[in-house]
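Remarks on the overall topology
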Amino acid sequence: GESVGLHLPTLSVQEGDNSIINCAYSNSASDYFIWYKQESGKGPQFIIDIRSNMDKRQGQRVTVLLNKTVKHLSLQIAATQPGDSAVYFCAEFFSSNYKLTFGKGTLLTVNP
Amino acid sequence: DAGVTQSPTHLIKTRGQHVTLRCSPISGHKSVSWYQQVLGQGPQFIFQYYEKEERGRGNFPDRFSARQFPNYSSELNVNALLLGDSALYLCASSPPGAGELFFGEGSRLTVL
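Because the structure is predicted, anything quoted here is derived from the model rather than measured.

1. A word on the overall build of chain B
- A count of helices and strands for chain B gives zero helices and eleven strands.
- Over its C-alpha atoms chain B spans a radius of gyration of 13 Å, differing by no more than 12% from the 13 Å that the globule rule assigns to 112 residues.
- Projected onto its principal axes, the C-alpha coordinates of chain B cover approximately 40 × 25 × 25 Å.
- Looking at chain B residue by residue over its 112 residues, the buried ones come to 49%.

2. Observations concerning the environment of Gln58(A)
Residue and element names in this part refer to chain A.
- Examined against the element boundaries, Gln58 turns out to sit in strand β6 (residues 56-58).
- By relative accessible area, Gln58 is classed as exposed at 58%.
- Taking the C-alpha atoms as reference, Gln58 lies 9.3 Å from Gln76; in sequence the two are 18 residues apart.
- If we skip the residues at most four places from it in the chain, Gln58 touches Ile48 and Thr63.

3. Some points on the packing of aromatic side chains
- One pass over the structure, following the stated rule, counts twelve aromatic pairs over all chains.
- Residues Tyr36(A) and Phe103(B) carry aromatic rings whose centres are separated by 5.4 Å and whose planes lie at 90° to one another, so their mutual orientation is edge-to-face. A residue pair is termed interchain when its members come from two chains, as with Tyr36(A) in strand β4 (residues 32-38) and Phe103(B) in strand β10 (residues 102-103). Phe103(B) carries the same exposure label as Tyr36(A), and that label is buried.
- The interplanar angle of 90° and the centroid separation of 5.9 Å between the aromatic rings of Phe89(A) and Phe102(A) together place this pair among those described as edge-to-face. A residue pair is termed long-range when its members are at least 10 positions apart, and Phe89(A) in strand β9 (residues 86-94) and Phe102(A) in strand β10 (residues 99-102) qualify at 13 residues.

4. Structural notes on the interface of chain A and chain B
- Between chain A and chain B, the residue contacts involve 18 residues of the former and 23 residues of the latter.
- Here chain A and chain B share zero salt bridges between them.
- The tally of links between chain A and chain B comes to four residue pairs in polar contact (both at pLDDT 80 or more).
- Of the residues assigned to the side of chain A that touches chain B, the class counts are nine nonpolar, five polar and four charged.

5. Considerations on the sheet that holds strand β1 (residues 5-7) of chain B
Residues and elements named next belong to chain B.
- Taken in spatial order, the four strands make up an open sheet running β1-β3-β8-β7, and their pairing is antiparallel. The outermost strands of the open sheet, each flanked by one partner alone, are β1 and β7 (64-68). Sheet twist, expressed as the average angle between the axes of neighbouring strands with direction ignored, equals 15°.
- Summarising the sheet, β7 and strand β8 (residues 74-78) pair through five bridges and their orientation is antiparallel. Its bridge partner lying in β8, Arg67 is registered against Glu75.

6. Observations concerning the pattern of salt bridges
Residues and elements named next belong to chain B.
- One pass over the structure, following the stated rule, counts seven salt bridges over all chains.
- Note that Glu51 is salt-bridged to Lys30, the shortest N-O span being 3.5 Å. Residue Glu51 is located in the loop between β5 (44-50) and β6 (53-57), and its partner Lys30 is located in the loop between β3 (19-24) and β4 (31-37); the two are separated by 21 residues in the primary sequence.
- A single salt-bridge network, built from bridges that share partners, covers Arg22, Arg67 and Glu75.

7. Observations regarding the pairing of strand β8 (residues 72-77) of chain A
Residue and element names in this part refer to chain A.
- Summarising the sheet, strand β3 (residues 19-25) and β8 pair through six bridges and their orientation is antiparallel. Across the sheet, the residue bridging to Ser19 is Ile77, located in β8.
- As paired strands, strand β7 (residues 62-67) and β8 are joined by six bridges and run antiparallel to one another. Counterpart to Val64 in the pairing with β8 is Leu75.
- In this antiparallel pair of consecutive strands, β7 and β8, the connection spans four residues, and Lys71 shows a positive phi of 55°.

8. Let's talk about the state of the cysteines
All names here are of chain A.
- The final tally for this structure, using the stated rule, is two disulfides over all chains.
- The partner cysteine of Cys23 in its disulfide is Cys90, sulfur to sulfur 1.8 Å. Judged by the sign of its S-S torsion, about 50°, the bond between Cys23 and Cys90 is right-handed. Of this pair, Cys23 sits in strand β3 while Cys90 sits in strand β9, placing them 67 residues apart in sequence. Comparing Cys23 with Cys90 shows no difference in burial state: the two are buried.

What counts, and at which threshold
- Residues numbered from 1 in each chain as written.
- Chains lettered and ligands numbered in written order.
- Predicted model: local features only at pLDDT ≥ 70, side-chain atom pairs only at ≥ 80, totals over all residues.
- Heavy atoms only, no water.
- Helix = DSSP H or I, 4+ residues; strand = E, 2+ residues; numbered from the N terminus.
- Rg over C-alpha atoms; globule rule 2.2 N^0.38 Å.
- Buried < 20%, exposed > 50% of the residue type's maximum accessible area, 1.4 Å probe, protein only.
- Contact = heavy atoms within 4.5 Å.
- Phe/Tyr/Trp six-rings, centres within 6.5 Å; stacked < 30°, edge-to-face > 60°.
- Salt bridge = Lys/Arg side-chain N within 4 Å of Asp/Glu carboxyl O.
- Polar contact = N/O pair within 3.5 Å; in protein donor to acceptor, adjacent residues only side chain to side chain.
- Nonpolar A, V, L, I, M, F, W, Y, C, P; charged D, E, K, R; others polar.
- Pairing = 2+ DSSP bridges.
- Axes fitted to C-alpha atoms, helices over the stretch in contact; angles between N-to-C directions.
- Disulfide = S-S within 2.5 Å.

As structure tokens, then:
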């Protein structure tokens, strides 16, 4: 089965609120964890990544937290906007063969 | 700069036929990967090519094959199509030494 999964299949928030999307993984051998955003009819778009030896990384309005003890990954989006509405995937990256293993995704809906 | 380009964007085939999907990576990227995304699920790794050599293969039958050309473009071939092959086929390229994958918009294959 898949080694990466998501706790919540859907998440609905109000515009301006913060969003937190969670992800559990089972394979400890990955080199990176990556969050992708996929809008309807489009390919996945890179948001942010975090090396497996880090526990936090911040980008523009996004923060990724990695807890290796419980094998948990989260994506925090600050001041969520309607344009953030999409399916979000966490993925494990293995540099040995450039393989990404994706989870099933969380649908984020931002209500204006 | 042009992103990853894929063709065709949509196509319809019947069971038993074969299909060829094409991908042009971002200029300067030598690695190309192929993913299959069934509706409602995360992308599944099919192949990864680097410098025209296969460096990774996912759990797909031998009906699936690919190749990479000297200009780093790539083709994915699927023979003896089954209804279950209906999916969005995504191509991604990555720069040398980096983990980030840049995805194209995909080729939507429908098998009737």
